[in-house]
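Chain and residue survey
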Amino acid sequence: MTHADESTAATTIPEEHRADVETLWEYHNMHHELRPCDVGIGLGSHDLGVAIIATDLYHRGLYPLLVFTGANAPTTVERFPRGEAVHYAEYANEHGVPTDAILVETKATNTQQNFELTRALLNERGITVGSAVVLSRPYQQRRAYATAKKLWPEIEIICASKPLSLDEYVRGIGDVNKVISMLVGDTQRIHLYAERGFAIPQEVPLDVDSAYERLVEARFTSRLL
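Residues numbered from 1 in each chain as written. Predicted model: local features only at pLDDT ≥ 70, side-chain atom pairs only at ≥ 80, totals over all residues. Heavy atoms only, no water.

1. Description of the overall build of the protein chain
A tally of regular secondary structure across the protein chain gives nine helices and five strands. Written out in order from the N terminus, the α and β elements of the protein chain read α-α-β-α-β-α-β-α-β-α-β-α-α-α. A globule of 225 residues ought to have a C-alpha radius of gyration of about 17 Å, and the protein chain, at 17 Å, matches this closely. Dimensions along the principal axes, computed over C-alpha positions, put the protein chain at roughly 55 × 40 × 30 Å. (Helix = DSSP H or I, 4+ residues; strand = E, 2+ residues; numbered from the N terminus. Rg over C-alpha atoms; globule rule 2.2 N^0.38 Å.)

Okay, structure coming up:
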């Protein structure tokens, strides 16, 4: 196999799993209609696309203030050695978002802390918000929404991600197994986090549960708890 073949294989969804992967991908997209909100909240991760869409929506007038939140995880420390939120803020600033329109929260290591610490930071600054656009990886939208509504129920939450098709996203990440495993892991967390009181319950259709189970059987399990 040539290097080009190996690269293509690494970013091609296996046909036997495509329908199930597409089912999970579609489920996690909240399909919210964007409208102006009080603040944008960019959730740290390995995906610079969060900073890209956060910056784009700021310039489109969706919010006057942008908070980036996130420390590091084992999957991000190499790419973002100074911390996820710091690198996101640098990207936004380099692409025209004024420094005084950006707040940076550097301690959160999970989605629950993203919202808890962002809320605390805004409170410390005397900033009251009634609505937020939450920027995340595409497959994190539903979990982010469920977590935010549990921890911050009084504000309106609108979810957004960099608009990409599933195949575009896989090519951008460069590792199809990682993306599928992340989708599987986030689907498990929809159930588990609601049961543990970390998030509000979300309806999970039968076809989503069935797709999840088949992908677990296919050993896309590296992100399961």
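Alright, that's what it looks like, and here's the rest.
2. With respect to the nonpolar core
In terms of nonpolar packing, the biggest core is built from 24 residues, with L57, Y63, F68, V133 and L135 touching the most fellow members. When contributions to this core are tallied by element, the ones reaching two or more residues are α3 (49-59), β2 (66-69), α4 (84-94), β4 (131-135) and β5 (156-160). At six residues, α3 tops the list of elements feeding residues into this core. Beyond its immediate chain neighbours, meaning those up to four positions away, L135 contacts G40, I41, G42, L43, V50, I53, A54, L57, Y63, L66 and A160. Core analysis: the second largest hydrophobic core is formed by 22 residues, Y27, L166, Y169 and L183 among them. (Core = buried A, V, L, I, M, F, W, Y, C linked by side-chain atoms within 4.5 Å. Buried < 20%, exposed > 50% of the residue type's maximum accessible area, 1.4 Å probe, protein only. Contact = heavy atoms within 4.5 Å.)

3. Concerning the packing of aromatic side chains
For the structure on display, the rule yields five aromatic pairs. Geometrically, the ring pair formed by F80 and Y88 is edge-to-face, given 5.8 Å between the ring centres and 80° between the ring planes. With relative accessibility at 0%, the residue Y88 sits in the buried group. Look at Y193 and F198: their rings are 5.6 Å apart centre to centre, the planes differ by 65°, and that puts the pair in the edge-to-face class. According to the relative accessible area criterion, Y193 is buried, its value standing at 17%. We classify F198 as partly exposed; its relative accessible area is 32%. Of the aromatic side chains, those joined through ring pairs into one cluster are W25, Y139 and Y169. The ring of Y27 carries the charged tip of R142 above its face, separated from the ring centre by 4.1 Å. (Phe/Tyr/Trp six-rings, centres within 6.5 Å; stacked < 30°, edge-to-face > 60°. Lys NZ or Arg CZ within 6 Å of the ring centre and 35° of its normal.)

4. Regarding the pattern of salt bridges
Counting across every chain of the model gives nine salt bridges. Across the pair E90 and R82 runs a salt bridge, and its minimum N-O distance is 2.6 Å. Using a relative accessible area of 28% as the deciding quantity, one classes E90 as partly exposed. Its salt-bridge partner being R119, residue E154 comes within 2.3 Å of it at the nearest N-O pair. Placement of the pair is E154 in the loop between α6 (141-151) and β5 and R119 in helix α5 (residues 111-124), with a sequence separation of 35 residues. Three or more residues joined by partner-sharing salt bridges are found here, namely E15, R18, E22 and D167. (Salt bridge = Lys/Arg side-chain N within 4 Å of Asp/Glu carboxyl O.)

5. Focus on the sheet that holds β5
Taken together, five strands build an open sheet; the order of strands is β3-β2-β1-β4-β5 and the sheet is parallel. Whereas interior strands pair on both sides, the edge strands pair on one side only; in this sheet they are β3 (102-105) and β5. This sheet shows a mean twist of 20° between the axes of neighbouring strands, independent of strand direction. Relative to β4, α3 is tilted by about 140°, and along the sheet it contacts β1 (39-43), β2, β4 and β5. (Pairing = 2+ DSSP bridges. Axes fitted to C-alpha atoms, helices over the stretch in contact; angles between N-to-C directions.)

6. Details of helix α7 (residues 166-173)
All of the buried residues in α7 are L166, Y169 and V170. Angularly, the buried residues of α7 cover 100° about the axis, an arc narrow enough to put them on a single face. Of the residues in α7, the exposed ones pointing more than 90 degrees away from the buried face are R171 and G172. Buried residues along α7 sit against α2 (15-28) and α8 (176-195). (Arc of directions from axis to C-beta.)

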